[in-house]
Amino acid sequence: MGEENALKELIESYESYLNESFKELWGKVRIEYDKLEAYSVIGGLLSRQVTLSIQMARSPNILNGHSGPLFLRAMTDLHIALSWIMMDLVERSKKYILHGLGEEKLLMEHYKKEIEDHPDSPNKEQIEQLIDIKSAWINSQRREFFVEVNLGHWAQLDYRKMSQEADCEGLYKFAYKPFTHAAHNMWPHVSMYNCKVCESPLHKHHLIPQLFEAPLDIDFLFRSCKYVHMAYELFVDKFNLELESPLPMEWWWDYFEEEQESDCEKT
C-alpha cells in the first residue's frame, strides 16, 4: 500500500473509531439530574477534545511543526482544565460557566460602546443584532444582571497550579509549555521554524526570515490521540465505566500491529 493510501486509511479508520467510542463512552455516563450544568460542561469539553483530534486527522497538511502545535496546545489546555474540574465537579463547572458568560457580557458591552461612539456606523444594525443574540444566550442560562465580569483567570489559578492540583504537571511542563511557544509566536519556535542563518560572514551569522515547508509528521496525530486517551481515562476512572471499545492508545497500537501483520502476510 502506498504512503498516501495508508495515511488515508488511517485517517478514515481513526475518525470512525473516535465517533463510535465517544458515543459509547458518553452513553455510559450516568447523569445526575441535580447536576445537569456540570455534566454539560464536562460533556462539552470531552466532545471538544475528540473534535479537535478528528479535525487534525481530516487535515493531514497541518500535521507539521508549523500548525500541529496550535491544535495540541488547545488540547493540553483542555485536558488540564477538564482534570481540574473533575476534582470538584459542581463548583468548578459553575466557575467555568460564569466566567464564560461574563466574557460574553463584556463583549456585549464593547458592542454597545461601539454604537454609542459611532451612532452613524453602517454596521450599526448588525452590531445591534449581535447584542440581541448574545443577550438572549446569556439570559437562557443566567439572568443577565446576575452575571459578573471577571477579568482574571476563570479558575483563579494559572495553568501550572491547576496542573499540579490535578496531578498532570508533567503534561504542563513537557507539552503545554512547548506548544505555547508556537501558539504565542515565541522566539524558540519562530527562530527554528521561520528563520535561517545568514550565509554572509560579515553579518555574524544572524538569523533572517525564511519560508520553510515543514515535513508531515504523523507524531502530531499520535499525540492528539494520546490526549483523547487521557480524557477517556478521566471519565472511566471518575464514573467507573467499562467500555467495549478499546481506549484510544490501545486502538492506535492495535491498528498499526494489524497493518504490520497484513504487510508481512503479503510479502
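My aim in this report is to walk through the structure given alongside it, one point at a time. (Residues numbered from 1 in each chain as written. Predicted model: local features only at pLDDT ≥ 70, side-chain atom pairs only at ≥ 80, totals over all residues. Heavy atoms only, no water.)

A look at helix 9 (residues 219-239)
Side chains of residues three or four places apart in an α-helix project in the same direction, reflecting 3.6 residues per turn.
Piece 1. An ideal rise of 1.5 Å per residue puts 30 Å on 21 residues; helix 9 measures up with 30 Å between its terminal C-alpha atoms.
Piece 2. After helix 9 finishes, the residue Asn240 shows a positive phi value of roughly 50 degrees. (Helix = DSSP H or I, 4+ residues; strand = E, 2+ residues; numbered from the N terminus. Expected span 1.5 Å × (residues − 1).)

Thoughts on the environment of His181
Piece 1. With respect to the helices and strands, the residue His181 is situated in helix 7 (residues 169-183).
Piece 2. Sequence-distant contacts of His181, that is, excluding residues within four places in its chain, are made with Met186, Pro188 and His189. (Contact = heavy atoms within 4.5 Å.)

Comments concerning the packing of helix 2 (residues 36-58) against helix 4 (residues 89-117)
Piece 1. Running from amino to carboxyl end, helix 2 crosses helix 4 at an angle of 70 degrees, the nearest separation of the two axes being 8 Å. Relative to helix 4, the element helix 2 is oriented roughly perpendicular. Of the residues in helix 4, those touching helix 2 at Glu37, Ala38, Tyr39, Val41, Ile42 and Leu45 are Leu89, Val90, Ser93, Tyr96 and Ile97.
Piece 2. For the contact of helix 2 with helix 4, the per-class residue count stands at nine nonpolar, one polar and one charged. (Axes fitted to C-alpha atoms, helices over the stretch in contact; angles between N-to-C directions. Parallel < 35°, antiparallel > 145°, perpendicular 65-115°, else oblique. Nonpolar A, V, L, I, M, F, W, Y, C, P; charged D, E, K, R; others polar.)

Structural notes on the side chain of Ser83
Piece 1. Relative to the helices and strands, Ser83 resides in helix 3 (residues 68-86).
Piece 2. By relative accessible area, which is 6% here, Ser83 ends up buried.
Piece 3. Among the polar contacts listed, one links the side chain of Ser83 to the backbone oxygen of His79, at a separation of 2.8 Å.
Piece 4. When neighbours within four sequence positions are excluded, Ser83 is seen to be in contact with Ala166, Cys168 and Leu234. (Buried < 20%, exposed > 50% of the residue type's maximum accessible area, 1.4 Å probe, protein only. Polar contact = N/O pair within 3.5 Å; in protein donor to acceptor, adjacent residues only side chain to side chain.)

Focus on a negative patch on the surface
Piece 1. There is a patch of like negative charges on the surface, built from Glu233, Asp237, Glu250, Asp254, Glu257 and Glu258.
Piece 2. Elements represented by at least two residues in the negative patch include exactly helix 9 and helix 10 (248-266).
Piece 3. For the negative patch, the leading source of residues is helix 10, giving four residues.
Piece 4. Its location among the elements puts Asp254 in helix 10.
Piece 5. Using a relative accessible area of 39% as the deciding quantity, one classes Asp254 as partly exposed. (Patch = residues over 30% accessible without salt bridge, like charges linked within 9 Å, V, L, I, M, F, W, Y side chains within 5 Å. Areas by Shrake-Rupley, 256 points an atom, 1.4 Å probe, with all protein chains shown as cover. Salt bridge = Lys/Arg side-chain N within 4 Å of Asp/Glu carboxyl O. Lys, Arg positive; Asp, Glu negative; His and termini not counted. Charge placed at Lys NZ, Arg CZ, Asp CG, Glu CD.)

Considering the nonpolar core
Piece 1. Ranked by internal contacts, the top residues of the largest apolar core, which has 66 residues, are Ile42, Tyr232 and Phe235.
Piece 2. In contact with Ile42, not counting residues within four places along its chain, are Leu82, Ile85, Met86, Leu89, Phe235 and Phe239. (Core = buried A, V, L, I, M, F, W, Y, C linked by side-chain atoms within 4.5 Å.)

Things to note about the packing of aromatic side chains
Piece 1. What the rule picks out here adds up to 13 aromatic pairs.
Piece 2. Ring centres 6.1 Å apart and planes at 90 degrees place the aromatic pair Tyr14 and Trp252 in the edge-to-face group. One end of the pair, Tyr14, is in helix 1 (residues 3-27); the other, Trp252, is in helix 10, with 238 residues separating them in the sequence. Per residue, the accessibility class of Tyr14 equals that of Trp252, and both read buried.
Piece 3. Each ring, one from Tyr17 and one from Trp251, has its centre 5.2 Å from the other, and the planes form 15 degrees; the classification is stacked. Taken together, the positions of Tyr17 in helix 1 and Trp251 in helix 10 put the pair 234 residues apart, joining distant regions of the chain. (Phe/Tyr/Trp six-rings, centres within 6.5 Å; stacked < 30°, edge-to-face > 60°.)

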